[in-house]
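Read off the chains here:
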Amino acid sequence: MITRQKLATKNHRKIAITPRLCYFQPKNELRSTIAQEISYSLSQKKKFIHPKFFYDKAGSELFEKICSLPEYYLTRTEIEVLSSIKPELSKHLVGDFALVELGSGSSIKTRHLLEVLTTKQDDVEYYPIDISSILKDSSINLHDEYENLKITGIIDQYEKGLEFVRQLDHKCKLVAFLGSSLGNFEPEHGIEFLKKIRSSMRKGDLFLLGIDLVKDAKILENAYNDSKGITANFNLNLLLRINRELGATFDTDTFEHVSIFNKKQKRIEMYLRSKVKHEIFVPKINLLLKLKKGELIHTEYSYKYAIPQIKKMAQKAGFKPLQIWKDKKSYFAIALFSVDSL
Ligand code: AVI
């Protein structure tokens, strides 16, 4: 167990901005990951692109726009719940807590948690983990806003970030996984991922999960197919990213954004549909991609849950429910768990 100053891995470079702000970034660019994974996923019979590739600079900016769309109720509802539970949450945070956030993004929601912690504690250590380099700007903003905040960011995939978290010697940790990002995992993989989070935590630590709830299909479908076409552009940006990073020549006008709510599986499914027959060469991975007219490339699942299911998944992963809050319409839930024995 080590302090934040001594944190290190051989695979990351540490960039110190001020004594209160540093971040780690992978030595080998994520570019090699995208090449390998896209080469595999676009060669399968059922083609897919992993949703983690949404979040390059352009994709992260589009996602920020999605979060403030009228149809995308998730972000504003989660913020509404977070801001209303601060006094109750504060009662659970007895002791000295470091905040770890998986998928911190623009860190807008983080402020609500920091407000609670920075008023209770003289110093707060914050560990944002995000695949997107948006983390750099959001950390600088937080650093300037909160004088008693020490930030150590990790720009990498969640699993890599958790390897850092495991090393921390901090008394207690509050690990936040907000924004319903758990919904982007298939349920079985979601439980496995929760287990990984659990294994990076110790007795006395707390886990805060934000999750979208099952609701009327129309509301869900509108949230993933907004009238301004921002979600469509977010989805199509995957092809533009492959153009930029792997030298392909996708023409996004020949693809369309598809999103449907699968009632049986209780998930939004997102695809890119090829409007014409295609043969596209992707030079950096030496792949000739053939697509039939109407063929779908799967890009995302976004599972919607009911509270008993969330509890069950978390319990299977070794968490014990402490308190669960919802908004008035029961659109979105925030659940607080303690660490249980497995
Ligand atoms: C990040 N994740 C929880 C979002 C979601 O709602 O599944 C990603 C997203 N996809 C389309 N719109 C937003």
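Our structure is the block above this text.
All values reported here derive from a predicted model rather than from experimental measurement. (Residues numbered from 1 in each chain as written. Predicted model: local features only at pLDDT ≥ 70, side-chain atom pairs only at ≥ 80, totals over all residues. Heavy atoms only, no water.)

Looking at the environment of Ser39
Reasoning step 1: Looking at the secondary structure, you find Ser39 in helix 1 (residues 31-41).
Reasoning step 2: For Ser39, a relative accessible area of 25% translates into the label partly exposed.
Reasoning step 3: In this structure the C-alpha to C-alpha distance between Ser39 and Glu64, which are 25 residues apart in sequence, comes to 28 Å.
Reasoning step 4: Residues contacting Ser39, with those up to four places away along its chain left out, are Ile34 and Ile285. (Helix = DSSP H or I, 4+ residues; strand = E, 2+ residues; numbered from the N terminus. Buried < 20%, exposed > 50% of the residue type's maximum accessible area, 1.4 Å probe, protein only. Contact = heavy atoms within 4.5 Å.)

A short note on the packing of aromatic side chains
Reasoning step 1: Evaluated as defined, the whole model comprises 20 aromatic pairs.
Reasoning step 2: Relative to Tyr305, the ring of Tyr303 has its centre 6.4 Å away and its plane inclined at 25°; by these criteria the two rings are stacked. In this pair, the class of Tyr303 matches that of Tyr305, namely buried.
Reasoning step 3: Judged by centre distance (6.1 Å) and plane angle (50°), the ring pair of Phe319 and Phe337 falls under tilted. Here Phe337 lies in strand 14 (residues 332-339) and Phe319 lies in strand 13 (residues 319-326), a separation of 18 residues in the sequence. (Phe/Tyr/Trp six-rings, centres within 6.5 Å; stacked < 30°, edge-to-face > 60°.)

What to know about the packing of helix 5 (residues 110-120) against helix 6 (residues 134-145)
Reasoning step 1: Following both chains from N to C, one finds helix 5 and helix 6 inclined at 30°, their axes separated by 12 Å at the closest point. Relative to helix 6, helix 5 is oriented roughly parallel. The two elements helix 5 and helix 6 meet at a crossing, and its hand is right-handed. Facing Thr110, Arg111 and Leu114 of helix 5, the residues of helix 6 in contact are Asn141, Leu142 and Glu145.
Reasoning step 2: Its residues assigned to classes, the contact of helix 5 with helix 6 comprises two nonpolar, two polar and two charged. (Axes fitted to C-alpha atoms, helices over the stretch in contact; angles between N-to-C directions. Parallel < 35°, antiparallel > 145°, perpendicular 65-115°, else oblique. Left-handed = near helix turned anticlockwise from the far one by under 90°. Nonpolar A, V, L, I, M, F, W, Y, C, P; charged D, E, K, R; others polar.)

Here we look at the sheet that holds strand 9 (residues 267-274)
Reasoning step 1: Strand order in this open sheet of three strands is 8-9-12, and the pairing throughout is antiparallel. Of all strands in the sheet, those with a lone pairing partner are strand 8 (255-262) and strand 12 (296-303), marking the two edges. Within this sheet the neighbouring strands show an average axis-to-axis angle of 20°, counted without direction. (Pairing = 2+ DSSP bridges.)

Comments concerning the nonpolar core
Reasoning step 1: Ile38, Ile49, Leu208 and Ile242 are the most contacted members of the largest nonpolar core, which has 68 residues in total.
Reasoning step 2: With seven residues, helix 10 (residues 230-246) is the single largest residue contributor to this core.
Reasoning step 3: In this structure Ile49 touches Ile38, Ser41, Leu42, Leu238, Leu239, Ile242, Ile297, His298 and Thr299, once residues within four positions along its chain are discounted. (Core = buried A, V, L, I, M, F, W, Y, C linked by side-chain atoms within 4.5 Å.)

A few points about the pairing of strand 4 (residues 124-130)
Two faces belong to every sheet, and in a regular strand the side chains alternate between them.
Reasoning step 1: For strand 4, a buried count of seven out of seven residues is recorded, marking the element as mostly surrounded by other parts of the structure.
Reasoning step 2: Burial along strand 4 is two-sided: the face carrying Val124, Tyr126, Pro128 and Asp130 and the face carrying Glu125, Tyr127 and Ile129 are both buried.
Reasoning step 3: On the question of chirality, the crossover connecting strand 3 (residues 97-102) to the parallel strand 4 by way of helix 5 is right-handed.
Reasoning step 4: As for the winding sense of the linkage, the β-α-β connection from strand 4 through helix 6 to strand 5 (residues 149-155) is right-handed. (Right-handed = clockwise from strand over helix to strand, strands pointing away.)

What to know about the pairing of strand 9
Reasoning step 1: Of all eight residues in strand 9, seven are buried, a share of seventy percent or more.
Reasoning step 2: Bridging between strand 8 and strand 9 involves eight bridges; their strand directions are antiparallel. Bridging across to strand 9, Ser259 finds its partner in Met270.
Reasoning step 3: Two successive antiparallel strands, strand 8 and strand 9, enclose a turn made up of four residues, where Lys266 displays a positive phi of approximately 55°.

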